[in-house]
Every structure is written in C-alpha cells, then in structure tokens.
Amino acid sequence: MSHTILVTGATGTVGSELVLALANRGVTVRAGVHSIIKGDRFSHITSGVQLVEMDFHKPESLHVALTGVGRVFMITPVTEDQVAISKQFIDIAKQAGVRQIVRLSVIGAEAEPGTQFGRWHREVEKYLEQSGLAYCILRPGGFMQNFVEQYGPSIRREGKFYLPLGEAKVAYIDVRDIAAVAATILTADIKQHQGKAYTLTGPAAVSGQEIAQAISKACGRAVEYVDVPEAAARQAMAQQLPAWLTDALLELHAISRAGYAADTTSTMQELTGHAPHTIEQFAHDNQHCFHPAS
Ligand SMILES: NC(=O)c1ccc[n+]([C@@H]2O[C@H](COP(=O)([O-])OP(=O)(O)OC[C@H]3O[C@@H](n4cnc5c(N)ncnc54)[C@H](OP(=O)(O)O)[C@@H]3O)[C@@H](O)[C@H]2O)c1
C-alpha cells in the first residue's frame, strides 16, 4: 500500500503551500508540476519531495504521475475544459489504484443554481462522489493571495487595486490555511473524512477599504482600494482574459458585492486546532510583494 501523496497544480498558489506543509510532516509527497523547470522552487526541500511532470491534456503523463500513488490532492487549473480534464483525471486515478482524492473545489459549489464557477466544480464533485474512490471536498472562499497574484501588479505600479465590490465585505481565506486543512486530512485515516465536504473561510469578512488599510500598514506605503463600476471592470478584464472567464469572475464579484460572500465558518480551526490567518497577518507576511520594486 503506497503512502505517496500526489499534489497536482503543485507550483500554483495552493499547491506550493501544500507541498511544503506535507514535506514538513515528513510525508512522501509527489509534486505534480506542469513544467519541470518551475519545480525548481522545491529544490530547497532536501527530502521527501519527488517531482513529476504532468499535463492534464496529456493522459499518458497522468498515468506516469499516478503510478504508485496512494492519495491525491486534486487541484485543476481554471481552463475552459476544466470539467472534462478533471473527469479524465479521476478515471485515470482510479485505474492507477489511488485510494483517496481530496478535491479543491469552491465555496458555494453545492448551491443551486449557484454560480458558473460553482457549477463547474459541482459537476466534478458529483463525478468524484460516484467514482467509488474515497473522497473529501474542500470548498474555500476567495483567496487572500489574489491580492498578490491578481491585484498585486497594480498595487506595486500605482498603489491601487480596482474591484467592483462597493462597500461589500468578503471572508477571504489565506491559502496557507487551506494547505493546513488539506495536510491534516491527507495524513489522517482515510475513513475519518470520507464523503465530507468542508466550507473554508478566513476568520472575518473584510471590505476593500480594510484590505487597503492592512496592506498600507504592512508595507509602509499608502495603498488605495478603488471601487469600479461593473462595466469598467468588464472592459479592463476583457483586455486580458477570455470572455468565458471574464463572465464567470464578474458573476462572483456581483455575488460578493451583494453581500453573499461575507459568511465565515470555524471549520479550519475545528479541523486543525489553529486559528486562520487574519488579513493583517497575510499583509504582514506578504509585505515584500506589495513594494514597487518587487
Ligand atoms: N482564486 C480564488 O480565489 C479561488 C477560490 C476558491 C477556489 N479556487 C479554485 O482553486 C483552483 C486553482 O487553484 P490555485 O489558485 O492554487 O491554482 P493556480 O495558482 O492558478 O495554479 C494552477 C496550477 O496548475 C498548473 N497547470 C496549469 N495548466 C496545467 C495543465 N494543463 N496540466 C497540469 N498542470 C497545469 C499550473 O502550472 P503552470 O503555472 O506551470 O502552468 C499551476 O501549478 C481552481 O479550481 C479555482 O476554481 C480559487
């Protein structure tokens, strides 16, 4: 029985934190990387981490990545065919003899009609539920790290971030907390979390203005939140993103603006025994990401 845990999307926002969290627990972790060059980020971890190149669009690479794997943390990229590549991955994992898949989904995936992001994720959740594999589902809210990965460039360039959220508050979660929950589940007895779905949020809902204050205080430079009309947000996003993604993201923003993303859960604390990171801790720990030169 293999104890190796495969993390897909291992160089991404959640995956890279989870690889570290599992390695710190002394578990044999296989980092599934899209490109072996990017796997360099794990070179400082001297033991316990195997690197494997895998591409969701190349099934033969998935067979290789899943060989000898007992459990999987399944992160799929946000692509137009995310449902199809996810179902194919589950099929191949089953053929390879994987025992458990822990799936990264999204908050509200169970809601009907819900959002487009939720519906994509729910379709994969249902497929996993019916696969016969042991499974557990994590449904996190919006990531605090979006303020580095997505809104970081304008913060560094102009000291501003632009979102169509009005005064709304959102219970953003630090991805380090998602990784902590995932590591806890993946190192527990498989039966303990079998068939469970956990909704994960940060400790408090925060407004754009409160986030700007936290980042300003952490990096010692004034950072401003600019509330933009949806039409302006659409115009800006359409220059960088495909239409299907622009539509899906604007739908999430509209739900948040209406106040539906403010609820918090205590699940992270209950599962790990640790309090989730606050927005102030996130801003402090990532202050280097908000400076103009970074
Ligand atoms: N952002 C949020 O606020 C939020 C909230 C809730 C749920 N989610 C969910 O979180 C998931 C994304 O997680 P994340 O933000 O950690 O991901 P991410 O940072 O976008 O990283 C995606 C990872 O997938 C890899 N990848 C891309 N294409 C691939 C392919 N064809 N084959 C194999 N690997 C590939 C990327 O590698 P390369 O970079 O080398 O291509 C990267 O390691 C999505 O399902 C999303 O719906 C996001």
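Residues numbered from 1 in each chain as written. Predicted model: local features only at pLDDT ≥ 70, side-chain atom pairs only at ≥ 80, totals over all residues. Heavy atoms only, no water.

- Named according to an unreviewed UniProt entry, the protein chain is SDR family oxidoreductase originating from Hymenobacter qilianensis.

**Topic: the packing of helix H9 (residues 230-238) against helix H10 (residues 243-257)**
Here is step 1 of the chain: Put simply, H9 and H10 touch, their axes get as near as 10 Å, and they point 150 degrees apart. Classified by the interaxial angle, the pair formed by H9 and H10 is roughly antiparallel. The handedness of the crossing between H9 and H10 comes out as right-handed. Across the interface between the two elements, Glu 230, Ala 233, Arg 234, Met 237 and Ala 238 of H9 pack against Thr 246, Asp 247, Leu 249, Leu 250 and Ala 254 of H10.
Here is step 2 of the chain: Along the lines of polarity and charge, the residues of the contact of H9 with H10 split into 6 nonpolar, 1 polar and 3 charged. (Axes fitted to C-alpha atoms, helices over the stretch in contact; angles between N-to-C directions. Helix = DSSP H or I, 4+ residues; strand = E, 2+ residues; numbered from the N terminus. Parallel < 35°, antiparallel > 145°, perpendicular 65-115°, else oblique. Left-handed = near helix turned anticlockwise from the far one by under 90°. Contact = heavy atoms within 4.5 Å. Nonpolar A, V, L, I, M, F, W, Y, C, P; charged D, E, K, R; others polar.)

**Comments concerning helix H2 (residues 59-66)**
Here is step 1 of the chain: Along H2, the positions that sit buried rather than exposed are Ser 61, Leu 62, Ala 65 and Leu 66. Buried residues of H2, viewed axially, fall in a sector of 125 degrees; they line one side. When the buried face of H2 is taken as reference, the exposed residues oriented beyond 90 degrees from it are Glu 60 and Val 64.
Here is step 2 of the chain: Gly 68 sits one or two positions beyond H2 and adopts a positive phi of about 75 degrees. (Buried < 20%, exposed > 50% of the residue type's maximum accessible area, 1.4 Å probe, protein only. Arc of directions from axis to C-beta.)

**Some words on the side chain of Gln 82**
Here is step 1 of the chain: Relative to the elements of secondary structure, Gln 82 occurs in helix H3 (residues 82-95).
Here is step 2 of the chain: You can call Gln 82 buried: its relative accessible area is 3%.
Here is step 3 of the chain: Looking at Gln 82, its side chain comes within polar contact range of the main-chain oxygen of Thr 79, at 3.0 Å. (Polar contact = N/O pair within 3.5 Å; in protein donor to acceptor, adjacent residues only side chain to side chain.)

**Considering the site of the ligand**
Here is step 1 of the chain: Lining the immediate surroundings of the ligand are 24 residues, of which Thr 11, Thr 13, Val 14, His 34 and His 121 lie closest.
Here is step 2 of the chain: Backbone polar atom of Val 14 to an oxygen atom of the ligand: 2.9 Å apart, as the coordinates give it.
Here is step 3 of the chain: Protein chains bury 82% of the 940 Å² of accessible surface belonging to the ligand in isolation.
Here is step 4 of the chain: Its residues assigned to classes, the shell around the ligand shows 10 nonpolar, 12 polar and 2 charged. (Near = heavy atom within 4 Å. Areas by Shrake-Rupley, 256 points an atom, 1.4 Å probe, with all protein chains shown as cover.)

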